[in-house]
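Analysis of the macromolecular model
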Amino acid sequence: MKNFTSVKDVQNINALVEKALSLKANPFQTKLAEGKRIGLIFFNPSLRTRLSSQVAAQNLGAQAVVLDIGKDGWALEFEDGVVMNGDKAEHIKEAAAVMGRYFDVLGVRTFPELKSKEADYSEKLLNAFIKYAGVPIVSLESGTRHPLQSLADLVTINEQWTATRKPKVVLTWAPHVKALPQAVPNSFAEWMGKADVDFSIANPEGYDLAEEFRQGVPVFHDQAEALKDADFVYVKNWSSYDDYGQILSQDESWTFGSKQLELTENAKVMHCLPVRRGLVIKDEILDGPNAIHLEQAENRVYAAQAVFYELLM
Ligand SMILES: NCCC[C@H](NC(=O)CCC(=O)O)C(=O)O
Ligand SMILES: NC(=O)OP(=O)(O)O
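The name that an unreviewed UniProt entry assigns to the protein is N-succinylornithine carbamoyltransferase, with the source organism given as Roseivirga seohaensis subsp. aquiponti. Of the protein, the UniProt comment under Subunit (unreviewed entry) reads exactly: "Homotrimer." Regarding the protein, the relevant UniProt record gives this comment under Pathway (unreviewed entry): "Amino-acid biosynthesis; L-arginine biosynthesis."

Next comes the structure, spelled out in structure tokens:
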């Protein structure tokens, strides 16, 4: 594996899931990556990704250094060939190359601006790191994807599912007050497409994900129809892709509660966090026996550990 920015970077996802589970069973392999350094570069806020990546590095014996570049770094220029006479002090060409000289692996978090579909989906920032850093790049959530989250999600589904038949996994949209990225649902859909599950998506009209992420996946605009017999339900808000970055609905009949759960096969309920209680998922679910959001968050450590292991070893 050269970089970890999408499921396409992974040769064998089952092997990576197994690696994460074996690291979970025996996490403190602190000699493995002794002397290696991981830079974790954040353009945006984070709780889980930041902490789980640092814990994962420590478990392997590597050192992690965090830079809140959005807050503490110089304002960066990404355009080529411009005269930098505005407010940008440093070009990504130098910034990424310098960080590449300090670290063996670089993780980067860069949310989409949700203004231009073309700009966000071209992944300009992540690709600039890949081009100029000269070391493996790990996405800590980019404009279009969140692969460390999706790997942890798949690890969690594998852990929780003991039956021999394929589990039915449904990704459902839920309302929110802010326009959120499509990165988490895109990425989840992309990973589920490669996993041994029966996968479908429920969202209101106008919220279909970009076609490349839902090819061959049944999409329902009726949540109740989609939830029937589900074994796992992944709840997440996202803003419109077609009407890019817009909030088209705040319909709270899509908020996931007991009424929705009753339609399922006593499904496990998933969310990547942070979750807005009462709006996205009701307390009765988050505080009940079907919620596995904390297990997902815990597995972020072993997902990151497996990825760092692959890239450093
Ligand atoms: N890293 C996990 C999710 C990050 C982001 N959520 C958020 O920005 C929530 C913000 C809020 O609820 O105000 C998203 O949906 O992609
Ligand atoms: N799920 C997730 O990536 O959480 P953070 O945004 O807190 O890192």
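**Some thoughts on the environment of R37**
Relative to the helices and strands, R37 resides in strand β1 (residues 37-42). Exposure remark for R37: the relative accessible area of 40% places this residue in the partly exposed category. Separated by 27 residues in sequence, R37 and A64 place their C-alpha atoms 5.9 Å apart. Setting aside residues no more than four positions away along its own chain, R37 makes contact with Q63, Y102, F103, D104 and V105.

**Considering the pattern of salt bridges**
If you walk through the whole model with that rule in mind, you get 14 salt bridges. In this structure, E159 and K24 form a salt bridge, with 2.7 Å as the shortest nitrogen-oxygen distance. Note that E159 is positioned in helix α7 (residues 147-160) and K24 in helix α1 (residues 13-25), a separation of 135 residues in sequence. The class of K24 is partly exposed, set by a relative accessible area of 22%. A salt bridge links D80 to K93, with the nearest nitrogen and oxygen atoms 3.1 Å apart.

**Side note on the pairing of strand β2 (residues 63-67)**
One ladder, built from five bridges, connects β1 with β2; its direction is parallel. By the bridge assignment, I38 is partnered in β2 with A64. In this view, the connection linking β1 to its parallel neighbour β2 by way of helix α2 (residues 48-60) has right-handed handedness.

**Considering the domain arrangement of the protein**
Considered domain by domain, the protein is made up of domain 1 (7-145 + 300-312) and domain 2 (149-297). A straight line from the C-alpha centre of domain 1 to that of domain 2 covers 25 Å. Contacts between the two partners involve 26 residues from domain 1, matched on the other side by 32 residues from domain 2. In total, domain 1 and domain 2 occlude about 2500 Å² of area from one another, counting both sides; carbon and sulfur atoms represent 64% of this. When the buried surface of domain 1 facing domain 2 is broken down by residue, L114, Y121 and R300 rank first, second and third, together holding 27% of it. Put simply, domain 1 and domain 2 have four salt bridges between them. At the boundary of domain 1 and domain 2, one finds ten residue pairs in polar contact (both at pLDDT 80 or more). Per element, the largest residue contribution to the side of domain 1 that touches domain 2 is six residues, and it comes from α1. Among the residues making up the side of domain 1 that touches domain 2, the classes are represented as 13 nonpolar, four polar and nine charged.

Criteria and cut-off values
Residues numbered from 1 in each chain as written. Chains lettered and ligands numbered in written order. Predicted model: local features only at pLDDT ≥ 70, side-chain atom pairs only at ≥ 80, totals over all residues. Heavy atoms only, no water. UniProt positions renumbered as here; feature names shortened; annotations may be inferred. Helix = DSSP H or I, 4+ residues; strand = E, 2+ residues; numbered from the N terminus. Buried < 20%, exposed > 50% of the residue type's maximum accessible area, 1.4 Å probe, protein only. Contact = heavy atoms within 4.5 Å. Salt bridge = Lys/Arg side-chain N within 4 Å of Asp/Glu carboxyl O. Pairing = 2+ DSSP bridges. Right-handed = clockwise from strand over helix to strand, strands pointing away. Domains from an automatic or database assignment. Buried area = accessible area lost by both parts, 1.4 Å probe. Polar contact = N/O pair within 3.5 Å; in protein donor to acceptor, adjacent residues only side chain to side chain. Nonpolar A, V, L, I, M, F, W, Y, C, P; charged D, E, K, R; others polar.

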